[in-house]
Amino acid sequence: PAEIVEKIAVTPPRLVFGDDAAQLEQRLLAMKAKGIRHLSAGNVGMVHLGVKLGFTVHGETSLNIANSLSMNQYADLGLYDATISFELSQQKARTLGDYLPHGFFAYGKLPLMATRNCPIKLKGCKNCQQFGTLTDRKDETFEVRCTQRQYSEIYNGKPLYLADRWNEWAGFDFALLYFTGETPKEIDSVIRAYTSTHEKREDITRGLYYRNVK
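Each chain has its residues counted from 1, following the order in which its sequence is written. Where totals are concerned, whole chains, interfaces and linings use all residues; where local detail is concerned, this predicted model gives features only for residues with pLDDT of at least 70, and gives and counts side-chain atom pairs only at 80 or more. Excluding hydrogens and water, the side-chain values take into account all heavy atoms of the structure.

**Focus on the overall build of the protein**
Item 1. In DSSP terms, a helix is any run of H or I states spanning at least four residues, a strand is any run of E spanning at least two, and both are numbered starting from the N terminus. When helices and strands are counted, the protein shows six helices and eleven strands.
Item 2. For the protein, the C-alpha radius of gyration of 18 Å lies close to 17 Å, the compact-globule estimate for 214 residues.
Item 3. Summarising its shape, the C-alpha atoms of the protein cover approximately 50 × 50 × 35 Å along the three principal directions.
Item 4. When accessible area is computed with a 1.4 Å probe and restricted to protein chains, residues below 20% of their type maximum are described as buried, those above 50% as exposed, and intermediate ones as partly exposed. A buried classification covers 34% of the 214 residues belonging to the protein.
Item 5. Two residues form a contact once any of their heavy atoms are found within 4.5 Å. The contacts of the protein with a sequence gap of at least 6 include a subset with a gap of at least 24, amounting to 59%.
Item 6. Carbon and sulfur atoms make up 51% of the accessible area of the protein, which amounts to about 12800 Å² in all. For the radius of gyration, the atoms used are the C-alpha atoms, and the globule rule reads 2.2 Å times the number of residues raised to 0.38. Here, Shrake-Rupley sampling with a 1.4 Å probe gives the accessible areas, and only protein chains in the shown set may cover a residue.

**Let's talk about the packing of helix α2 (residues 18-33) against helix α3 (residues 44-52)**
The description of two helices packed together rests on the angle between their axes and the distance between the axes.
Item 1. Relative orientation of the contacting elements α2 and α3 amounts to 45°, with a least axis distance of 11 Å. Classified by the angle their axes make, α2 and α3 are oblique. Regarding α2 and α3, the two cross each other, and that crossing is right-handed. Contact residues: L24, E25 and L28 in α2; M46, L49 and K52 in α3.
Item 2. Residue type decides the class: Asp, Glu, Lys and Arg count as charged, Ala, Val, Leu, Ile, Met, Phe, Trp, Tyr, Cys and Pro as nonpolar, and the leftover types, Gly among them, as polar. When its residues are assigned to classes, the contact of α2 with α3 shows four nonpolar, no polar and two charged. A fitted line through C-alpha atoms serves as each axis, taken over the contacting stretch for helices, and the angle formed by two N-to-C directions is quoted from 0 to 180°. When an angle is under 35 degrees it counts as roughly parallel; over 145 it counts as roughly antiparallel; between 65 and 115 it counts as roughly perpendicular; any other value is oblique. Left-handed describes a crossing in which the near helix is turned anticlockwise from the far one by less than a right angle; the clockwise case is right-handed.

**A short note on the nonpolar core**
Item 1. Remark: nonpolar core denotes a set of buried residues (Ala, Val, Leu, Ile, Met, Phe, Trp, Tyr, Cys) joined through side-chain atoms within 4.5 Å. The biggest cluster of nonpolar side chains holds 40 residues, and the ones touching the most others in it are L79, I84, Y194 and Y209.
Item 2. Of all the secondary-structure elements, those providing two or more residues to this core are α2, β2 (38-41), α3, α4 (68-77), β5 (102-108), β10 (160-161) and α6 (184-197).
Item 3. Here the element with the most residues in this core is β5; it accounts for four residues.
Item 4. Leaving out residues up to four positions away in the same chain, L79 has contacts with V47, V57, H58, G59, L63, I65, Y74 and L100.

**Things to note about the packing of aromatic side chains**
The description of two aromatic rings rests on the distance between their centres and on the angle between their planes.
Item 1. Each aromatic pair joins two rings of Phe, Tyr and Trp (for Trp, the six-membered one) with centres within 6.5 Å, and gets the label stacked for planes under 30 degrees apart, edge-to-face for over 60, and tilted for any other angle. For the coordinates displayed, the defined rule picks out 13 aromatic pairs.
Item 2. Taken together, a centroid distance of 5.7 Å and an interplanar angle of 75° make the contact between F86 and F105 edge-to-face. Pair noted here: F86 is in the loop between β4 (81-83) and α5 (90-93) and F105 is in strand β5, with a separation of 19 residues, a long-range link.
Item 3. For F105, a relative accessible area of 1% translates into the label buried.
Item 4. Here the aromatic cluster, defined as three or more aromatic residues joined through ring pairs, consists of F104, Y107, Y161, W166, W169, F172, F179, Y194, Y209 and Y210.
Item 5. Sitting above the plane of the F55 ring, K32 keeps its charged end 5.9 Å from the centroid. Only when the NZ of Lys or the CZ of Arg is both within 6 Å of the ring centre and within 35 degrees of the ring normal is a charge said to sit over the ring.

**Quick notes on α3**
Item 1. For α3, the complete set of buried residues consists of M46, V47, L49 and G50.
Item 2. Summarising the contacts, the buried residues of α3 are in contact with α2, β2, β3 (56-59) and α4.
Item 3. Downstream of α3 by one or two residues, G54 has phi in the positive range, about 90°.

**Quick notes on α6**
Item 1. Within α6 the residues assigned to the buried category are V190, A193 and Y194. Each buried residue of α6 lies within a common arc of 85° when the element is viewed along its axis, so the set occupies one face. Exposed side chains of α6 directed beyond 90 degrees from the buried face belong to P184, K185 and T195.
Item 2. Next to the buried residues of α6 lie β5, β10 and β11 (174-177).
Item 3. Phi for H198, located one or two positions after α6, is positive at around 50°. Directions drawn from the helix axis to the C-beta atoms are what define this arc.

**Description of the sheet that holds strand β7 (residues 131-135)**
Item 1. With antiparallel pairing, four strands are arranged side by side in an open sheet as β6-β9-β8-β7. Edge positions in the open sheet fall to β6 (111-115) and β7, since each of these has one partner strand only. When the angles between neighbouring strand axes are averaged without regard to direction, this sheet yields 25°.
Item 2. Two strands pair if DSSP finds at least two bridges between them. As defined by bridge partners, β6 adjoins strand β9 (residues 151-156) across four bridges and the pair is classed as antiparallel. Residue pairing for β9: P111 is matched across the bridge by Y155.

Have a look at this one:
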């Protein structure tokens, strides 16, 4: 149905190489021909391409919008709205102005790094499930997820979680709940936490939102 398609956005890979880059424009046009009108852009090249092809372009956190100048520039480039950088403190996030509608990363395992060389590939990619974990010297676990065997992203093992402090986040245009490997049951639980229960949880992170706040 058209009303469902209107809610779907195509998300190109954050990193594109070789033949895939050459074919990307045609693939996006094919998606547009199926009725998809929204594109989620993770780098400035995708912003440019999405606007060029006539998509409504939404900016991801990897655009690193961290001040009013960058937000204004992206508005000039044609962004419809954007999720601001999760490296901002909450206090600074409230000072970005109103150059375009913007929201914040409210839940999920934060993407920390994208790498061309997989950090867990030991014997090639043949039997890889495109998912693995790394453990640092402090026994903190990080998830590694592969995209089409082209590049890997490293995620914090603990999800950023704000549902129990939801009353402190009024005023933004939207909030992003970012799901990676959660089960349907876990996704339902998170949505309930943010919309009704606002329960406290253990084994979470607040990211950098409350740094220097006592």
